[in-house]
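# Structural features, examined
Residues per chain, in single letters:
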Amino acid sequence: MGLPHAIAVTTADVTDRDGAIQMILLNLDNLSHVEKFLVDAGYSGERFANQVKDICGAQVEVVKRSELHKFVVLPRRWVVERLFGWLDKFRRLWKNCERKLYISAQILTFALIAILSRRF
């Protein structure tokens, strides 16, 4: 369905890769059945893939764009882009003005609940 299995909100000084590792560690029970993580080019690299494999035993597949200025539907990447499109409809997620991380995480959770309730 394209809905996330786990959510983690971090401060701006945490890199995406480190944040992803933190998210996996915090939600290991929910992610124990995941066999493969589909990620974009920002998560490429042996170190990240090895960390994910060591933590939960899953593989990391990097989905890269083939040509920069041409539109091509990449396998499975559209699922992530569709979720971002759905989340763009929620005004409070456009610009994060919250002071506490847990409030940002709750707003994201409420948005995902609203998306899920509309789909069924």
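Anything mentioned here points back to the structure above.
Procedures and definitions
- Residues numbered from 1 in each chain as written.
- Predicted model: local features only at pLDDT ≥ 70, side-chain atom pairs only at ≥ 80, totals over all residues.
- Heavy atoms only, no water.
- Buried < 20%, exposed > 50% of the residue type's maximum accessible area, 1.4 Å probe, protein only.
- Helix = DSSP H or I, 4+ residues; strand = E, 2+ residues; numbered from the N terminus.
- Pairing = 2+ DSSP bridges.
- Right-handed = clockwise from strand over helix to strand, strands pointing away.
- Contact = heavy atoms within 4.5 Å.

The side-chain alternation of strand E1 (residues 36-39) yields one buried face, formed by Phe-37 and Val-39, and one unburied face, formed by Lys-36 and Leu-38. Across four bridges, the pairing between E1 and strand E2 (residues 59-62) is parallel. From the neighbouring strand, Lys-36 faces E2, where its bridge partner is Gln-59. Taking the sense of rotation as the criterion, the β-α-β connection linking E1, helix H3 (residues 46-56) and E2 turns out right-handed.

Let us look at the environment of Ser-104. By secondary structure assignment, the location of Ser-104 is in helix H6 (residues 101-119). The spacing of Ser-104 and Arg-92 is twelve residues in sequence and 9.0 Å in space, taken between C-alpha atoms. When sequence neighbours within four positions are dropped, the list of residues in contact with Ser-104 reads Val-9, Asn-96 and Glu-98.

Everything listed here is a matter of geometry and, on its own, says nothing about what the molecule does.
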